[in-house]
Amino acid sequence: MSVGDRLEAGGRAASGRRQLTYAVLLGLVGAALALWAATRSWSVELTVRPAPLPPVREVRSGAALLPWLPALALVALAGGGAVLATRGWLRRIVGVLLGVLGLAVAVGGGYGLVADLDGVVSRQWPALCLLGGLLAAVGGGWTALRGGAWPAMGARYERPTRTVTESDSAAVAPPGPMAGRRTTEAWDALDRGEDPTAG
């Protein structure tokens, strides 16, 4: 492999690591934002009671209105680790799942924006939930499209595979006296006080 090929391969690996980082950050930030927004108060309803009793204040969060919303956001948050831990086609499948989860979270946020909720309604929290879901979906979609070529988590520490050439095979030392023997035979020889490597 020439120096130019090595530099090009190194540039591709650095670009893949950078894209992986951006996709994971998009997914994590989006899922965390959606999870946080789903736990905020989306509506507050006051029920008037006869005097002298004070009105009853009922606060409803996104999680109370849509119980599945924080669960999906939490799964999308955990998916960031799955993207890092996988590679190849498996990473692409994880990306598809994260994209679908992000879109589902965005739909929950969109519902909060258009739903006819009783009482005083805070539309900023559903809007943030919608934004977080879309960010997570973009991160998942990017992973589904490009993630198969990105390096694995520990790829920088793996030894590159190399084919053995004729010159390499000529330089290999001839097999020793232990060649072809089982490991247990070597231990048995040691137990008897013999040197298992002696011819």
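Before reading further, recall that the structure is shown in the block above.
Report on the accompanying structure.

Calculation rules
- Numbering of residues starts from 1 in every chain and runs along the sequence as written.
- For this predicted model, a pLDDT threshold of at least 70 governs which residues receive local features, and a threshold of 80 or more governs which side-chain atom pairs are given and counted, while totals over whole chains, interfaces and linings are taken from all residues.
- Neither water nor hydrogens contribute to the side-chain values; these are computed over all heavy atoms in the structure.
- The way it works is that DSSP assigns letters per residue, a run of H or I at least four long becomes a helix, a run of E at least two long becomes a strand, and they are numbered from the N terminus.
- Any residue under 20% of the maximum accessible area for its type is buried, any over 50% is exposed, and the rest in between are partly exposed; the area is computed with a 1.4 Å probe on protein chains only.
- We call two residues contacting when some pair of their heavy atoms lies within 4.5 Å.
- Method for areas: the Shrake-Rupley scheme with a 1.4 Å probe, in which residue coverage is limited to the protein chains shown.
- For Phe, Tyr and Trp, rings pair up if their centres lie within 6.5 Å, where Trp contributes its six-membered ring, and each pair is then called stacked (planes under 30 degrees apart), edge-to-face (over 60) or tilted (otherwise).
- With axes taken as lines fitted to C-alpha atoms, and helix axes fitted only over the stretch in contact, angles between N-to-C directions fall between 0 and 180 degrees.
- For classification purposes, angles smaller than 35 degrees are called roughly parallel, those larger than 145 roughly antiparallel, those between 65 and 115 roughly perpendicular, and all remaining angles oblique.
- What makes a crossing left-handed is the near helix being turned counterclockwise from the far one by less than a right angle; a clockwise turn instead makes it right-handed.
- Gly falls in the polar group here, along with every residue not listed as nonpolar (Ala, Val, Leu, Ile, Met, Phe, Trp, Tyr, Cys, Pro) or charged (Asp, Glu, Lys, Arg).
- The salt bridge criterion pairs a side-chain nitrogen of Lys or Arg with a carboxyl oxygen of Asp or Glu, the two atoms within 4 Å.
- In this scheme, a helix's expected span is set at 1.5 Å multiplied by one less than its residue total.

A closer look at the overall build of the protein
- Along the backbone of the protein there are seven helices and three strands.
- Secondary structure of the protein in N-to-C order comes out as α-β-β-α-α-α-β-α-α-α.
- Residues counted as buried form 29% of the 199 residues belonging to the protein.
- Of the contacts formed within the protein by residues at least 6 apart in sequence, a portion of 68% connects residues at least 24 apart.
- Put simply, the protein shows about 12,600 Å² of open surface, and 65% of that area lies on carbon and sulfur atoms.

Describing the packing of aromatic side chains
- Counted under the stated rule, the structure contains two aromatic pairs.
- Plain terms: the ring middles of Trp36 and Trp125 are 5.0 Å apart, the flat faces sit at 85° to each other, and that makes the pair edge-to-face. Highlighted residues: Trp36 in helix 1 (residues 3-38) and Trp125 in helix 5 (residues 124-146), separated in sequence by 89 residues.
- Here Trp36 falls in the partly exposed class, since its relative accessible area comes to 42%.
- Note on Trp142 and Trp150: the rings are 6.1 Å apart at their centroids and 85° apart in plane angle, and the pair reads as edge-to-face.
- Relative accessible area serves as the criterion here: at 26%, Trp142 is assigned to the partly exposed category.
- Residue Trp150 is classed as buried on the basis of its relative accessible area of 5%.

A few points about the packing of helix 4 (residues 88-114) against helix 5
- Close contact between helix 4 and helix 5 brings their axes to 7 Å; oriented N to C, the two are set at 165°. Taken together, the axes of helix 4 and helix 5 lie roughly antiparallel to each other. Crossing handedness for the pair helix 4 and helix 5: left-handed.
- A class-by-class count of the residues in the contact of helix 4 with helix 5 yields 15 nonpolar, 10 polar and three charged.

Quick word on the packing of helix 3 (residues 68-85) against helix 4
- Look at helix 3 against helix 4: their axes get within 9 Å of each other, and the N-to-C directions meet at 155°. Here helix 4 runs roughly antiparallel to helix 3, going by the angle between their axes. The hand of the helix 3/helix 4 crossing is left-handed. Counted together, Trp68, Leu69, Leu72, Ala73, Val75, Ala76, Gly79, Ala82, Val83 and Leu84 of helix 3 and Arg91, Val94, Leu98, Leu101, Ala104, Val105 and Gly108 of helix 4 form the full contact between these two elements.

Here we look at the side chain of Thr86
- Tracing the backbone through its elements, the reader meets Thr86 in the loop between helix 3 and helix 4.
- Judged by relative accessible area, which is 13%, Thr86 ranks as buried.
- Residues contacting Thr86, with those up to four places away along its chain left out, are Arg91 and Val94.

Quick word on the pattern of salt bridges
- Within the structure shown, the criterion is met by two salt bridges.
- Taking the shortest distance from any N to any O, the salt bridge between Glu194 and Arg192 comes out at 3.3 Å.
- The class of Arg192 is exposed, set by a relative accessible area of 53%.

Here's the deal with helix 3
- Taking 1.5 Å as the rise per residue, helix 3 with 18 residues should run 26 Å; its terminal C-alpha atoms sit 26 Å apart, in good agreement.
- The complete set of buried residues in helix 3 reads Leu69, Pro70, Ala73, Ala76, Gly79, Gly80 and Val83.

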